[in-house]
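One-letter residues, chain by chain:
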Amino acid sequence: MPYVVTRSCCADASCVLACPVNCIHPAPGEPGFGQTEMLYVDPRTCVDCGACTSACPVDALKPHTGLTEAELPFLALNRAYYEAHPHEDRTPMAVLPPQRRIPAVELRVAVVGAGPAGLFAADELLRHPGVTVTVHDRLPTPYGLARAGVAPDHQDTKRVARLFRDVESQPGFSYRLNTEIGRDLRHEDLVRDFHAVVYAVGAATDRRLGIAGEDLPGSASATDFVAWYNGHPDHGTDRYPLDGERAVVIGNGNVALDVARILTADPDALARTDISDRALAALRAGRVREVVVLGRRGPAEAAFTLPELLALAALDGVDVLVEGRAEDLSAEATDRTAVLAELAARTPVPGRRRIVLRFHTRPTEILGGDRVTGLAVEGTGPRAGEGAGTIEASLVLRAIGYRARPVPGLPFDAATGTVPHERGRVAPGVYVAGWIKRGPSGFIGTNRSCARETVSTLLDDLDAGLLTAPAGGGPAGAGHPDAVGLAGWRAIDERERAEGERQGRPRVKLADREALIEAARTGERRRRTGGLFSRRPGPEETA
């Protein structure tokens, strides 16, 4: 078995296209593509050419001889996948659906949202001659959750930004960042100035628990906490009580595991990442020794992916413990429950920080007076009527899902948190992609196929003559004085990377909007005066 996928991958399909023998599955068009937790390399047909490793944007593929001890479980997972899914019907080459061709006509499209969904939509559009795309975002920086949602200890996953830099470099691409639709520009402005508008605004808020005490100081959403430690400018001044020894995370998806890892991580290790400097200082001063992760359902129904669980199990210096009934971990055993059973059998090491995974438990009230002091819980499922009690904690973070906000000018389904659509079409000329289209599901690469469907629908409408030509001579200027263009973003990126290079880190993020705007203005001035960036690109940029 020459090559193995070693983590939750982006499912971008670059490796599938690069493989000359079609040995990576599920491929585009096959059941499970974009929904499975990872891709798998067929050990029977891989020819050890290494083409997949150079194509993978997140360095998830490794030769089996190069696996670390913590990565060895992926070898067994890869083998088990093909025992259950032999893919005997595979075609000689795995290819994406053929790109449709349109005449070389002028087509101006506005994309709202500079996260993965928006940039993949831009990429799909710019494959056609005569198309220009302006990507808008209310933040001064692009990449959405790929920048502000991926945990800082997952730097490999953040390398997906290389794909986005390729999109930015295409002719016809431009940014209008730091521009909020509904404040700096209106939906009507975009409809007037472009042939079509694609909304890819994601899901910016979280779901609430709906229990007493949820608004106490020390009770917060995990989405805000993640944004805080990732240097999101909306959360640079947030404060979290880290002075207690225990925190509780409600929910057991990948975000919950991310938060638990960061709270128990060695600050010296985090100091080598792109974590926010403010968050790093707070974590250094904090006293959290234990994080309890509560799941309402049982181990087999946990929302976290198996690769993320394996990464958690391989942590050095942190005990990962499992609380639950033995029958929950043995009945109908799966790969996930097998890993959990192994964790449950471990003996904790005195003095270590710990993460405790507790199942069949739900919160009933967050306790405290002027701040959180604990959490009242009760059992669920087979434990209904059992396990009632309290958990002392100074910090409670809810991680039970993302939720989108209504988009000004568009219909909104409050029940699903999405904009009603037909294959991405809200109305001729107005479209949606990403989480605002399908809800908060899938992985980074899932947005590729989602965007492809939306762009195909947009082009169908163009062919049918349903798109209205923009009024006037083209899009209005920058929208407002502090709008950030591509040169401004590149200046921000350069400054962050240069400071990171000085400190031995991938980058040092500018977490204040004012600092981001100042860096962007410097870049715009350089562009106007013909100045060049002086720093040589780092290895990640040239990889």
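Position labels on residues start from 1 in each chain and follow its written sequence. Confidence filtering applies because this is a predicted model: local features only for residues at pLDDT of at least 70, side-chain atom pairs given and counted only at 80 or more, and all residues used for totals across whole chains, interfaces and linings. Side-chain numbers come from the whole structure's heavy atoms, not from hydrogens or water.

A.B. asks: I'm lost on the overall build of the protein in this one. Help?
C.D. replies: Across its full length, the protein carries 20 helices and 21 strands. In this scheme, a residue with accessible area under 20% of its type's maximum is buried, one over 50% is exposed, and one in between is partly exposed, where area comes from a 1.4 Å probe on protein chains only. Every one of the 543 residues in the protein was classed for burial, and the buried ones make up 55%. Expressed as a percentage of contacts within the protein between residues at least 6 apart in sequence, the contacts between residues at least 24 apart total 76%. Total accessible area computed for the protein in this model is approximately 22,800 Å², and 52% of it derives from carbon and sulfur atoms. Only DSSP runs of H or I reaching four residues or more are called helices, and only runs of E reaching two or more are called strands; each is numbered from the N terminus. Any two residues whose heavy atoms approach within 4.5 Å at even a single point are treated as in contact. What sets the accessible areas is the Shrake-Rupley method with a 1.4 Å probe; for residues, cover comes only from the shown protein chains.

A.B. asks: Is there a simple way to think about unusual backbone geometry in this case?
C.D. replies: Excluding glycine, a negative phi dihedral is what most residues carry, and trans is how most peptide bonds are arranged. Between H25 and P26 the backbone carries a cis peptide bond, its omega angle lying at -5°. Here the phi dihedral of Y143 falls at roughly 85°; this positive angle occurs in a residue that is not glycine. Within the secondary structure layout, Y143 lies in the loop between β6 (131-136) and α5 (145-148). Taking the relative accessible area as the measure of exposure, Y143 reaches 5% and is therefore buried. Of note, N178 is a non-glycine position whose phi angle comes to about 55°, a positive value. Inspection of the secondary structure puts N178 in the loop between β7 (173-176) and α8 (187-193). A relative accessible area of 4% places N178 in the buried class.

A.B. asks: Help me out: how do you make sense of the pattern of salt bridges in this one?
C.D. replies: For side chains of opposite charge, pairing can occur when their charged atoms come near one another. Every case where a carboxyl oxygen of Asp or Glu lies within 4 Å of a side-chain nitrogen of Lys or Arg is listed as a salt bridge. For the coordinates displayed, the defined rule picks out 45 salt bridges. The salt bridge involving D184 is made with R183; its shortest N-O contact spans 2.6 Å. The shortest N-O distance in the salt bridge between D319 and R352 comes to 3.2 Å. In this pair, D319 sits in strand β13 (residues 318-323) while R352 sits in the loop between α15 (335-344) and β14 (353-358), placing the two residues 33 residues apart along the sequence. For R352, a relative accessible area of 36% puts it in the partly exposed group. Within the structure, one salt-bridge network assembled from shared partners comprises D123, E124, R127, R448 and R452.

Purely geometric stuff here, so don't read any function into it on its own.
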